[in-house]
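One-letter residues, chain by chain:
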Amino acid sequence: MAETVAVIDYGMGNLHSVASALGKVCDQRVTVTSDPAEVAAAERVIFPGVGAIGDCMGEIRRLGFDKLLREQVASGKPVLGICVGMQALLTHSQESGGTDCIDLFPGEVRFFGHELTGSNGEPLKVPHMGWNQVEQTEHPLWAGIDQLSRFYFVHSFYVEDTGAEVMGRCDYGVRFAAALGRDNLFAVQFHPEKSHTAGLQLLHNFVRWNGQR
Amino acid sequence: MALAKRIIPCLDVDNGRVVKGVQFVDIRDAGDPVEIAKRYNEAGADEITFLDITASHQQRDTTVHTVERIAAEVFIPLTVGGGIRSNDDIRRMLNAGADKVGINSAAVHNPDFVKAASDRFGAQCIVVAIDAKQVSGEGEPLRWEIFTHGGRNPTGIDAVEWAARMSDYGAGEILLTSMDRDGTKNGFDLALTRAISDAVPVPVIASGGVGNLQHLADGITQGRADAVLAASIFHFGEYTVPEAKAYLREQGIEVRL
């Protein structure tokens, strides 16, 4: 039987792009679902998210998906967080007046701020929106993607660049974590489903990944 | 490492067909927005903006279907503008695969709609489109106002104040079109672009008047735009997206190659 990739749907945003990008890179069954049993039965899990973290965490908790996600990660199957889905994996976020998150990665999600400036002192717009370069740390999910390739970002809050679990770094007035990874869990701040060739390659790598470094 | 300035081709679509004709030499159907969006995607466009000028509400199903077909083929951000008047309109477009929606006259008629939309869907997908026209006379301090209905109807609203208000209300981005320059090929209104860009904390897309590649560069360096939108110079094959990017890069502007 064909393997399945489950895209967790908790009502926050459009998941069709993720699903259609996956359809482009694999023959596996792709299901967009809010059914915990279906998520648990899948070989791979994608945890996306857009919008405000307070609303996202509210829905995640209401549906019991924090526990579900912990179980999926503990089971050893490959799990990929995207955008707010990455931020929700941290300990805490400054967004929405301060929000406790799932705490699968230690660390804080911070606001870029209104006084952000670039290397020449020029003011930087927030949200950080558009194509920026990612400095990759060796990991199977970067296979076939050139070092410093650009990915599409859109976010106003960022994950601090701390710790050994940072698998990709980006710079926008501050250096921040563009990717995190530990064992079978990987997460990216950018949108691979909107990042053209490099993004599709990352998804291609994920659906073939065995969850090992 | 730096964020790239974006180049955004814009398609005007009427009832599922591209108007203001696209003239690629080897394209099968120059009226098919899906075909054209794929071309721009392959050519390295950073985003695609799709402006729906379909007049009748009944034909919006065609638009939704077109967006679905584009989103299934094009893996770069897609903005859909035109006729977005309610959260239901936004939900339909996002569910069809749009990443952002452009809100124009509905924002002017009901500014709180922008707040409600941003609260519901997040600022990242709310683009407020502003059509501005210079109203100051010669020798007076520069002043621009918002116009609706393709530049015919004045609103008396100051463009710079409006842009600042819209970003306060939760617009994640401003798409700024100079009605004085649109279609002229004389370049962006740089003073307007800069005034708006300096007044808002969110990214600004400059639009209206591009006739050559230097105009794109000027919009970024002098207008301080974060992205530049153009239609005819790309549609009529005068320049390709890679040529535009190479030109900007020669001028020291960060682009995605």
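Residues numbered from 1 in each chain as written. Chains lettered and ligands numbered in written order. Predicted model: local features only at pLDDT ≥ 70, side-chain atom pairs only at ≥ 80, totals over all residues. Heavy atoms only, no water.

An unreviewed UniProt entry lists chain B under the name Imidazole glycerol phosphate synthase subunit HisF, from Gilvimarinus algae. In its Subcellular location (unreviewed entry) section, the UniProt entry covering chain B states "Cytoplasm". Regarding chain B, the relevant UniProt record gives this comment under Subunit (unreviewed entry): "Heterodimer of HisH and HisF." (UniProt positions renumbered as here; feature names shortened; annotations may be inferred.)

Chain A appears in an unreviewed UniProt entry as Imidazole glycerol phosphate synthase subunit HisH from Gilvimarinus algae. Quoted verbatim from the Subcellular location (unreviewed entry) field of UniProt, the annotation for chain A is "Cytoplasm". If you open the UniProt record of chain A and go to Subunit (unreviewed entry), you find "Heterodimer of HisH and HisF."

Draft legend 1. Expanded view of the pattern of salt bridges. Residue and element names in this part refer to chain B. Within the structure shown, the criterion is met by 29 salt bridges over all chains. Here glutamate 73 and lysine 38 are joined by a salt bridge, their closest N and O atoms 3.9 Å apart. You can see glutamate 73 sitting in the loop between helix 2 (60–71) and strand 4 (78–81) and its partner lysine 38 sitting in helix 1 (residues 33–43), a full 35 residues away along the chain. Residue classification places lysine 38 among the partly exposed residues on the basis of a relative accessible area of 28%. Residue lysine 245 is joined to aspartate 46 by a salt bridge in which the shortest nitrogen-to-oxygen separation is 2.8 Å. Of this pair, lysine 245 sits in helix 10 (residues 241–250) while aspartate 46 is found in the loop between helix 1 and strand 3 (48–52), placing the two residues 199 residues apart along the sequence. (Salt bridge = Lys/Arg side-chain N within 4 Å of Asp/Glu carboxyl O. Helix = DSSP H or I, 4+ residues; strand = E, 2+ residues; numbered from the N terminus. Buried < 20%, exposed > 50% of the residue type's maximum accessible area, 1.4 Å probe, protein only.)

Draft legend 2. Broad picture of the UniProt feature "active site" (unreviewed entry) in chain A. All names here are of chain A. Per the UniProt entry, the sites bearing "active site" (unreviewed entry) are Cys83, His191 and Glu193 in this numbering. For the residues just named, distributed over 111 residues, the greatest C-alpha separation is only 10.9 Å, placing them together at one site. Relative to the elements of secondary structure, cysteine 83 occurs in the loop between strand 4 (79–82) and helix 5 (84–87). Not counting chain neighbours up to four residues away, the residues in contact with cysteine 83 comprise Gly49, Val154, Val188, Gln189, Phe190 and His191. Residue classification places histidine 191 among the buried positions, given a relative accessible area of 8%. Excluding residues within four positions of it along the chain, histidine 191 makes contact with Val50, Ile82, Cys83, Tyr152 and Val154. (Contact = heavy atoms within 4.5 Å.)

Draft legend 3. Spatial organisation of the environment of A:Ala164. Residues and elements named next belong to chain A. Take alanine 164: it is sitting in the loop between strand 11 (157–160) and strand 12 (166–171). For alanine 164, a relative accessible area of 77% puts it in the exposed group. Taking the C-alpha atoms as reference points, alanine 164 and glycine 181, 17 residues apart in sequence, are found 8.9 Å from one another.

Draft legend 4. Looking closely at the packing of helix 6 (residues 159–168) of chain B against helix 7 (residues 190–199) of chain B. All names here are of chain B. Helix 7 packs onto helix 6 with a crossing angle of 35° between their chain directions and a minimal axis gap of 9 Å. Of the two elements, helix 6 crosses helix 7, and the hand of that crossing is right-handed. On helix 7, the residues that touch Ala159, Val160, Ala163 and Ala164 of helix 6 are Ala195, Ile196 and Ala199. In terms of residue class, the contact of helix 6 with helix 7 is built from seven nonpolar, no polar and no charged. (Axes fitted to C-alpha atoms, helices over the stretch in contact; angles between N-to-C directions. Left-handed = near helix turned anticlockwise from the far one by under 90°. Nonpolar A, V, L, I, M, F, W, Y, C, P; charged D, E, K, R; others polar.)

Draft legend 5. Layout of the packing of aromatic side chains. Residue and element names in this part refer to chain A. Summed over all chains, the structure comprises 15 aromatic pairs over all chains. A ring pair is formed by tryptophan 142 and phenylalanine 190, whose centres lie 6.3 Å apart and whose planes are at 40°; its orientation type is tilted. Placement of tryptophan 142 in the loop between strand 9 (135–136) and strand 10 (150–155) and of phenylalanine 190 in the loop between strand 14 (185–188) and helix 6 (196–207) is noted, with a sequence separation of 48 residues between them. Overall, tryptophan 142 belongs to the buried group, its relative accessible area being 4%. Here phenylalanine 190 falls in the buried class, since its relative accessible area comes to 0%. Taking the centre distance of 4.1 Å and the plane angle of 20° together, the rings of phenylalanine 151 and phenylalanine 190 count as stacked. (Phe/Tyr/Trp six-rings, centres within 6.5 Å; stacked < 30°, edge-to-face > 60°.)

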